[in-house]
Amino acid sequence: MSEKLKVGIVGGTGMVGQRFVQLLDGHPWFEVTSIAASSSSAGKTYEESVKGRWKLATPMPENVKQIVVQDASKVEQVAQDVDFIFCAVDMKKDEIQALEEAYAKTGTPVISNNSAHRWTPDIPMVVPELNPEHIEVIAAQRKRLGTSTGFIAVKPNCSIQSYVPALHALLDFKPTNVVASTYQAISGAGKNFTDWPDMLDNVIPYIGGEEEKSEQEPLRIWGSVQNGEIVKASSPLITTQCIRVPVTDGHLATVFASFENKPSKEEILNRWKNFKGRPQELGLPSAPKQFITYFEEENRPQTKLDRDIERGMGVSVGRLREDSIYDYKFVGLSHNTLRGAAGGAVLIAELLKAEGYIQAK
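Residues numbered from 1 in each chain as written. Predicted model: local features only at pLDDT ≥ 70, side-chain atom pairs only at ≥ 80, totals over all residues. Heavy atoms only, no water.

Trainee: How would you sum up the overall build of the protein chain? Please name residues and give values.
Mentor: Scanning the protein chain for helices and strands turns up eleven helices and 14 strands. Relative to the 2.2 N^0.38 estimate, which gives 21 Å for 361 residues, the radius of gyration of the protein chain is 20 Å and therefore close to what a compact globule would have. Expressed as a percentage of its 361 residues, the buried residues of the protein chain come to 57%. Sequence separation of 24 or more characterises 77% of the internal contacts of the protein chain that already satisfy a separation of 6 or more. Accessible area for the protein chain stands at about 15400 Å²; split by element, carbon and sulfur atoms hold 47% of it. In the protein chain, which carries 40 positive and 45 negative side-chain charges, the distance between the mean positions of the two groups comes to 1 Å. (Helix = DSSP H or I, 4+ residues; strand = E, 2+ residues; numbered from the N terminus. Rg over C-alpha atoms; globule rule 2.2 N^0.38 Å. Buried < 20%, exposed > 50% of the residue type's maximum accessible area, 1.4 Å probe, protein only. Contact = heavy atoms within 4.5 Å. Areas by Shrake-Rupley, 256 points an atom, 1.4 Å probe, with all protein chains shown as cover. Lys, Arg positive; Asp, Glu negative; His and termini not counted. Charge placed at Lys NZ, Arg CZ, Asp CG, Glu CD.)

Right under this line is the structure:
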């Protein structure tokens with residue numbers, strides 16, 4: 001690619017926005033040229049706007065420090081200078097929906113980290129390795145929005161990516177019932193231990209709205225495209241518990257599953273080892289070479305040791321064994337702010353660029 005696509009980050013001052021800034025530093029296809037946030041940050045340089053609030057271990061990239069933050073609500077102004085945007089704003093659901101549609105109607109593709117549009121029928125919610133075919137609904141969405149180039153695509157909830165890829169690789173065996181408990185890092189709430197001292201030496205057995213998302217969003221990922229809409233799958237039946245635990249990054253899941261056609265342990269391990277998706281076929285820059293890594297050790301995967309596997313874009317699995325009530329049980333792990341948030345959105349953008357949906361204006 002001779003020239004990089006110009007990227008705007010709407011909601012660029014929050015934790016996920018900072019992850020976008022970090023991940024896009026030196027990206028071979030994309031370059032951050034615009035950052036937008038609330039009116040209180042507008043007019044300041046990016047460095048000034050996040051002073052004392054930079055939450056990542058790596059330093060702020062030099063190339064974004066002097067970008068003057070724009071007001072995210074001034075849609076036409078922000079959109080005119082970029083080829084597409086990532087959106088990671090902290091607003092009410094209806095406000096996010098309206099804002100993202102306003103950007104799309106300017107002819108600007110929107111890759112959203114927000115949950116607001118995950119159930120809009122003609123908006124694809126994508127894990128690129130699992131359901132890349134869902135981007136076909138963009139044609140119908142464009143017609144509805146009255147644009148030939150703009151659209152919205154969203155990434156799913158961060159926690160489901162710790163276990164849904166492992167189940168997806170086994171769909172041929174027709175999973176029927178799934179029980180999953182997720183143990184979720186505090187960065188999923190946009191926090192670190194300085195922000196949230198109550199989480200030290202503590203577990204909170206409730207995360208608002210998380211269990212419904214964890215039970216329903218996999219069914220949309222496994223749904224089908226019908227008449228320009230995504231119709232969710234009817235099975236498997238999934239029940240979850242979602243728990244906040246005192247770790248910085250990484251969501252871990254314990255999973256029990258039964259199948260209509262019970263596979264052997266060897267068949268499961270073979271499917272996980274050899275699973276590849278469209279990003280691996282296309283060689284996308286952010287794609288993990290090994291999407292699912294299985295650990296033979298009884299005490300792996302561990303959040304601290306394994307969340308960064310494949311630059312935080314891989315999924316780790318371990319402790320596969322038969323169960324006395326369900327067919328099998330296992331443990332899964334994914335990095336919630338990389339694979340589960342900003343990194344997953346960057347991979348979606350790479351897929352959409354490779355498939356011709358995102359182009360230079």
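Trainee: Explain the layout of surface pockets to me, using residue names and the numbers behind them.
Mentor: In this structure, the largest pocket occupies an estimated 1000 Å³ of space. Taken together, 42 residues form the lining of the largest pocket, with Val-16, Ala-88, Val-89, Asp-90 and Asn-114 sitting closest to its centre. Elements with a minimum of two residues in the lining of the largest pocket: helix H1 (15–24), helix H4 (93–105), helix H7 (210–221) and helix H11 (338–354). A total of three residues in the lining of the largest pocket trace back to one element, the largest contributor, which is H1. (1 Å grid on protein atoms, 1.4 Å probe; cavity = no way out; pocket = protein on both sides within 12 Å on 5 of 7 lines; lining within 4 Å. Points joined across faces, edges and corners; volume = space filled by probe spheres on them.)

Trainee: I'd like to hear about the packing of aromatic side chains, residue by residue, with values.
Mentor: A full pass over the atoms with the stated rule returns nine aromatic pairs. Between the aromatic rings of Phe-256 and Tyr-326, the centroid separation amounts to 6.1 Å while the plane-to-plane angle is 55°, which identifies the pairing as tilted. Separated by 70 residues along the polypeptide, Phe-256 in strand E11 (residues 251–259) and Tyr-326 in the loop between strand E13 (315–322) and strand E14 (328–334) bring together distant segments of the chain. For Phe-256, a relative accessible area of 27% puts it in the partly exposed group. The structure contains a cluster of three or more aromatic residues connected by ring pairs, namely Phe-20, Trp-29, Phe-30, Phe-84 and Phe-86. (Phe/Tyr/Trp six-rings, centres within 6.5 Å; stacked < 30°, edge-to-face > 60°.)

Trainee: Hey, could you go over the environment of Arg-220 for me, with residue numbers and the actual values?
Mentor: Within the fold, Arg-220 resides in helix H7. Judged by relative accessible area, which is 2%, Arg-220 ranks as buried. Spatially, the C-alpha atoms of Arg-220 and Ser-286 are 24 Å apart, while their sequence positions differ by 66 residues. Those residues in contact with Arg-220 that sit more than four places away from it in its chain are Arg-118, Trp-119, Thr-120, Pro-121, Ile-123, Pro-124, Met-125, His-134, Ile-230 and Lys-232. Here the side chain of Arg-220 touches Arg-118 through a polar contact of 2.8 Å, landing on its backbone oxygen. (Polar contact = N/O pair within 3.5 Å; in protein donor to acceptor, adjacent residues only side chain to side chain.)

Trainee: Go over empty space enclosed by the protein, please, and point to the residues and values.
Mentor: Under the criterion given, the structure shown has one cavity of 30 Å³ or more. Counted as a void, the largest cavity has a volume near 30 Å³. As for the largest cavity, its lining consists of Val-126, Val-127, Pro-128, Lys-155, Pro-156, Gln-161, Arg-339, Gly-344 and Ile-348. Tallied by class, the residues present in the lining of the largest cavity amount to five nonpolar, two polar and two charged. (Nonpolar A, V, L, I, M, F, W, Y, C, P; charged D, E, K, R; others polar.)

Trainee: Residue-level account of the nonpolar core, with values.
Mentor: If you look at the biggest cluster of nonpolar residues, it comprises 53 residues, and the most contacted ones within it are Val-10, Tyr-103, Tyr-163, Trp-222, Trp-272, Val-317 and Phe-330. Excluding its chain neighbours within four sequence positions, the residues that come into contact with Tyr-163 are Ala-180, Thr-182, Ser-214, Pro-218, Thr-240, Ala-253 and Val-255. One finds Val-7, Val-32, Val-69 and Phe-151 within the second-largest nonpolar core, a separate group that totals 38 residues. (Core = buried A, V, L, I, M, F, W, Y, C linked by side-chain atoms within 4.5 Å.)

Trainee: Talk me through helix H5 (residues 138–145); I want residue IDs and the actual numbers.
Mentor: Taken residue by residue, H5 has Ile-138, Gln-141, Arg-142 and Leu-145 as its buried positions. In a view along the axis of H5, the buried residues occupy a sector of 100°, so they form one face of it. What points out from H5, more than 90 degrees from its buried face, is the exposed set Ala-139 and Lys-143. One or two positions beyond H5, positive phi appears at Gly-146, with a value near 75°. (Arc of directions from axis to C-beta.)

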